[in-house]
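# Examining the three-dimensional arrangement
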Amino acid sequence: MQEQLELHIRYCGGCNPTYDRVALVSELLSVSGWAKKGGSLAPGDIWLGVCGCTRECVRPPGGHLRHIAIHQSIPVLTLIEQIKKGAEKSWE
Amino acid sequence: MKTSKQYIDSLKELDLTVYLLGEKVEDTVEHPMIRPSMNSVAATYEYAAMPEYEDLMTTTSHLTGEKINRFTHIHQSAEDLVKKVKMQRLLGQKTASCFQRCVGLDAGNAVYSTTYEIDQAFSTDYHKRFREYWTMVQREDLTVDGAMTDPKGDRGLSPAQQADPDLFLRVVERRPDGVVVRGAKAHQTGIVNSHEVLVMPTIAMRPEDKDYAISFAIPTDTAGIFMIYGRQSCDTRKLEEGADIDLGNKKYGGHEALVIFEDVFVPNERIFLDGETDFVGMLVERFASYHRQSYGGCKVGVGDVLIGAAALAADYNGAAKASHVKDKLIEMTHLNETLYSSGIACSSEGHATASGNYYVDAMLANVCKQNVTRFPYEITRLAEDIAGGLMVTMPGEQDLKNDYLRPYIEKYLKGVAEVPTVDRLRVLRLIENITLGTAAVGYRTESMHGAGSPQAQRIMIARQANLNHKKQLAKDIAGIKE
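These remarks concern the structure in this document. (Residues numbered from 1 in each chain as written. Chains lettered and ligands numbered in written order. Predicted model: local features only at pLDDT ≥ 70, side-chain atom pairs only at ≥ 80, totals over all residues. Heavy atoms only, no water.)

### Some details on the overall build of chain B
Helix and strand counts for chain B stand at 17 helices and 14 strands. Taking 2.2 N^0.38 as the reference for a compact globule, 482 residues should give roughly 23 Å; the C-alpha atoms of chain B span a radius of gyration of 24 Å, in line with that estimate. Residue burial in chain B is summarised as follows: out of 482 residues, 58% are buried. Counting only contacts in chain B whose residues sit at least 6 apart along the sequence, the fraction spanning at least 24 positions is 78%. For chain B, the computed accessible surface area is about 19500 Å², with 52% contributed by carbon and sulfur atoms. (Helix = DSSP H or I, 4+ residues; strand = E, 2+ residues; numbered from the N terminus. Rg over C-alpha atoms; globule rule 2.2 N^0.38 Å. Buried < 20%, exposed > 50% of the residue type's maximum accessible area, 1.4 Å probe, protein only. Contact = heavy atoms within 4.5 Å. Areas by Shrake-Rupley, 256 points an atom, 1.4 Å probe, with all protein chains shown as cover.)

Next up, the structure:
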């Protein structure tokens, strides 16, 4: 059982994606049991930038967010670990 | 930060071993064939001290918090990458030459991020070593030669398969306190004007190439290192008494040399990769991409000078109003700005590596350099077209100094009446210098082969082309289900 997290999920424009971003996020939410969070961003929120390639066109706005960016297809369990690690970070 | 004078003085303290035209050079700083290239590097210090260029030429070190020359910076943002390109264009404009200091900057950034990732994989301490080393580079404002290209021998064979094992630089002895290396690095830009040499492997390697997978940095006057200075077309004009006009660019130049490492000791604290063959490809690719970005700045700056010289030649010839001349200058500008646009694009699309420094968009950097292998050739062709044949048939400076000949030269080589003949000759010599003289090494052939020959970029472009995505786009539009 994973710790319940809520993620602000933002996709890049997807002009040249090297993997199926939507499928990866869908798998992530399904395996982790985590939820998508809507509404405005607040300090401390976890912000997941889902980028199709390394250009990282979607970047978090300024503020004290804990952000994680994905650039390429990675195993979903690895991604879950990355997000959990990012979630443990204090505000920057 | 060093002033340009302090830089020059610091070079004088080095005990370099340099051969030129078959002779050992006693004073590399004052040698008339080397001095112009040293002036170009000195310009990187000179402009950093000028308030109007401070924003481009200097920044704050993330390692020390101190103000540093941008040529020693570890990029901390995409904006840093953009400023790097703009700085290079500026230096190209001011020197009309290769100013040599980019290669160490590019090597530094590549080694910085790669060592971090090697440490993550193997629990080594290369990154810590490199940070300490680079902190010294920044604090002492050193010029570093980034040395990648091995002689390579038979291109069809790997390092370990070569008939002569020294054709790729390698470790020949291991000691408790370091290693001994032997080999050579070819085409080393600016090595004679550098305090340090940062060595990297030249191609991706297999496990059997372990002894060739070595990266390190040592002073350029380390025992066992010697350099054989590369010739350039028209180079001995610099040895002519009182040479000025015939040089085209009297003050600035560039150089390359073949550098031999004859059993050179490298202490452990200066080794940043040793045997981790899995990471050699990453290091090579990162250095190459940074350096391909660089060409979107430096060559553009030199191109600005060449376009200006061609426009001046047209003015002096009385041809500036001809529509075809105007169109050729537009075409030259279009080509030059296209190079710049890809240099800026690959920078602004840069991203953070695991180590935190910023890396260019590798696809766009390779597109940038691929353009550089072509456009300067077309720009030089158009410059020669506008300049006219006189560029390569006119009398020399000695003839102008001859009291009998001078009036005839001034009379018959006059262009428009209000421009002194000597000015017309000067600008034609500048065009000659860039298109087929000493500076052509940097502006033409280096544009072709520097930072990797054209095919190297095409391989990188192919690797990142993402054709499956493009095929799917076509299928979706065409209504193809599978």
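Here the narrative resumes.
### A word on the environment of V144 of chain B
Mapped onto the secondary structure, V144 of chain B falls in strand β5 (residues 144-147). Beyond its immediate sequence surroundings of up to four residues, V144 of chain B is in contact with V103, G104, Y133, W134, V137, S194, E196 and L198 of chain B.

### Observations regarding the sheet that holds strand β2 (residues 35-36) of chain A
Residues and elements named next belong to chain A. With respect to topology, four strands assemble into an open sheet ordered β2-β1-β3-β4, the strand pairing being parallel. With one partner strand each, in any of the chains shown, β2 and β4 (66-70) form the two edges of the open sheet. Across five bridges, the pairing between strand β1 (residues 6-11) and strand β3 (residues 46-50) is parallel. Across the sheet, residue Y11 finds its bridge partner in β3, namely V50. Across the sheet, helix α1 (residues 21-32) is in contact with β1, β2, β3 and β4; its angle to β1 comes to roughly 175 degrees. Set on the sheet, helix α2 (residues 76-88) makes contact with β1, β3 and β4; between it and β4 the angle comes to about 160 degrees. (Pairing = 2+ DSSP bridges. Axes fitted to C-alpha atoms, helices over the stretch in contact; angles between N-to-C directions.)

### Quick word on the interface of chain A and chain B
Taken together, the contacts link 10 residues of chain A with nine residues of chain B. For the chain A and chain B pair, buried surface summed over both sides reaches about 780 Å², with 37% attributable to carbon and sulfur atoms. In this assembly, chain A and chain B are joined by one salt bridge. At the boundary of chain A and chain B, one finds four residue pairs in polar contact (both at pLDDT 80 or more). Classifying every residue of the side of chain A that touches chain B by side-chain character gives three nonpolar, four polar and three charged. (Buried area = accessible area lost by both parts, 1.4 Å probe. Salt bridge = Lys/Arg side-chain N within 4 Å of Asp/Glu carboxyl O. Polar contact = N/O pair within 3.5 Å; in protein donor to acceptor, adjacent residues only side chain to side chain. Nonpolar A, V, L, I, M, F, W, Y, C, P; charged D, E, K, R; others polar.)

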